[in-house]
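# Structural description and commentary
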Amino acid sequence: MKLYHFPMSPNSRRVVAVLHHLQLECELETVDLSKGAQLQPEFLQLNPNHMIPALVDGDFVLWESNAIMQYLCTKVAHTELWPADSRVRADISRWQFWQTAHFGSACSVLIFEKVIKKFFMSAEADLQEVAKGEERFHRFAQVLEQHLKGRNWLVGEHATLADFSAGSFLDLAKLAEYPLAPYSEIPRWYNNLEQLPAWLSSAPSAFQ
Ligand SMILES: N[C@@H](CCC(=O)N[C@@H](CS)C(=O)NCC(=O)O)C(=O)O
């Protein structure tokens, strides 16, 4: 298998974390987003959305990080990341979809304004966009905070794909200045994730 990724991307980091957790053999190829490598014709053949991550497994090409994560889990007989029970899987999928549609998209506004503009475009953050991003962040962070009360993980008693997906955007929390001050459960839970060997070994700095 070969995974096309970019180390700084939360969407690809969570896939790399799954690879590490499951100890699957997979070649990693960096697609340098800062140089527009995702727009090269060879990569567009793999993912016409020009987005990483993308997985190639023989003649099967798969894009969308959450789909890749679920697919990787089917490579092993059993994993707590993606248990066989259909309701548990539905619950995990719920959080993965929620992350993509809501929480991650709120974080992305702040990442774009505070990180990408500053480091890759030498531009100032648009304060109106930041305010909109923060409002959206609070809307969904409150849901996460409430759910985490009395729990160590989003679903059941173990880390699952739900935690890998929902947690992945928090590694940029400081740089993107997420308004996390009112929340205590979210940092507590993210700290649990940070203790997992696969989370540590997939950190962007581990590739530098
Ligand atoms: N929903 C997609 C999002 C992937 C995504 O947003 N990738 C970004 C990096 S974090 C990307 O490749 N952007 C390059 C571009 O849009 O040209 C997934 O979960 O895989």
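Everything numeric in this text was worked out from a predicted model, so none of it was measured. Each chain has its residues counted from 1, following the order in which its sequence is written. In view of the model being predicted, local features appear only for residues whose pLDDT reaches at least 70, and side-chain atom pairs are presented and counted only at 80 or more, with totals across whole chains, interfaces and linings using the full set of residues. The basis for every side-chain value is the complete set of non-hydrogen atoms in the structure, without hydrogens or water.

## Here we look at the overall build of the chain
The number of helices and strands found in the chain is eight helices and four strands. Going from the N terminus to the C terminus, the chain shows its helices and strands as β-α-β-α-β-β-α-α-α-α-α-α. Computation of the radius of gyration draws on C-alpha atoms, with the globule rule given as 2.2 Å multiplied by the number of residues to the power 0.38. Against the globule reference of 17 Å for 208 residues, the chain gives a C-alpha radius of gyration of 17 Å, in line with a compact fold. Principal-axis analysis of the C-alpha atoms places the extent of the chain at approximately 45 × 45 × 25 Å. Burial status across the chain gives 47% buried among its 208 residues. Whether two residues are in contact is decided by their heavy atoms, any of which lying within 4.5 Å being enough. Long-range pairs, those at least 24 residues apart, make up 68% of the contacts in the chain between residues at least 6 apart in sequence. Accessible surface area values rest on a Shrake-Rupley calculation with a 1.4 Å probe, where residue burial reflects the displayed protein chains alone. Accessible surface, the chain as shown: approximately 10,800 Å² in total, 53% of it carbon and sulfur. Between the mean site of the 18 positive side-chain charges and the mean site of the 24 negative ones, the chain shows a separation of 4 Å. Comment: elements are numbered from the N terminus, with helices defined as DSSP H or I runs of at least four residues and strands as E runs of at least two. Think of it in three bands: with a 1.4 Å probe and only protein chains considered, a residue is buried below 20% of the maximum accessible area for its type, exposed above 50%, and partly exposed in between. Residues scored as positive are Lys and Arg, those scored as negative are Asp and Glu, and His as well as the terminal groups of each chain are ignored. The location of each charge is read from NZ of Lys, CZ of Arg, CG of Asp or CD of Glu.

## What to know about the side chain of Gln-96
Relative to the elements of secondary structure, Gln-96 occurs in helix H4 (residues 86–120). Relative accessible area serves as the criterion here: at 2%, Gln-96 is assigned to the buried category. A distance of 2.8 Å separates a polar atom in the side chain of Gln-96 from a polar atom in the side chain of Gln-70. With near-sequence residues (within four places) excluded, Gln-96 lies in contact with Asn-66, Met-69, Gln-70, Trp-82, Leu-161, Ala-162 and Ser-165. Contacts described as polar in this section are N or O atom pairs within 3.5 Å, which, within protein, must combine one atom able to donate a hydrogen with one able to accept it, while residues neighboring in sequence count only if both atoms come from side chains.

## Some thoughts on the environment of Gln-99
Among the structural elements, Gln-99 can be located in helix H4. With sequence-adjacent residues up to four places away left out, Gln-99 is seen in contact with Arg-14, Asn-66, Gly-104, Ser-105, Ser-165, Ala-166, Ser-168 and Phe-169.

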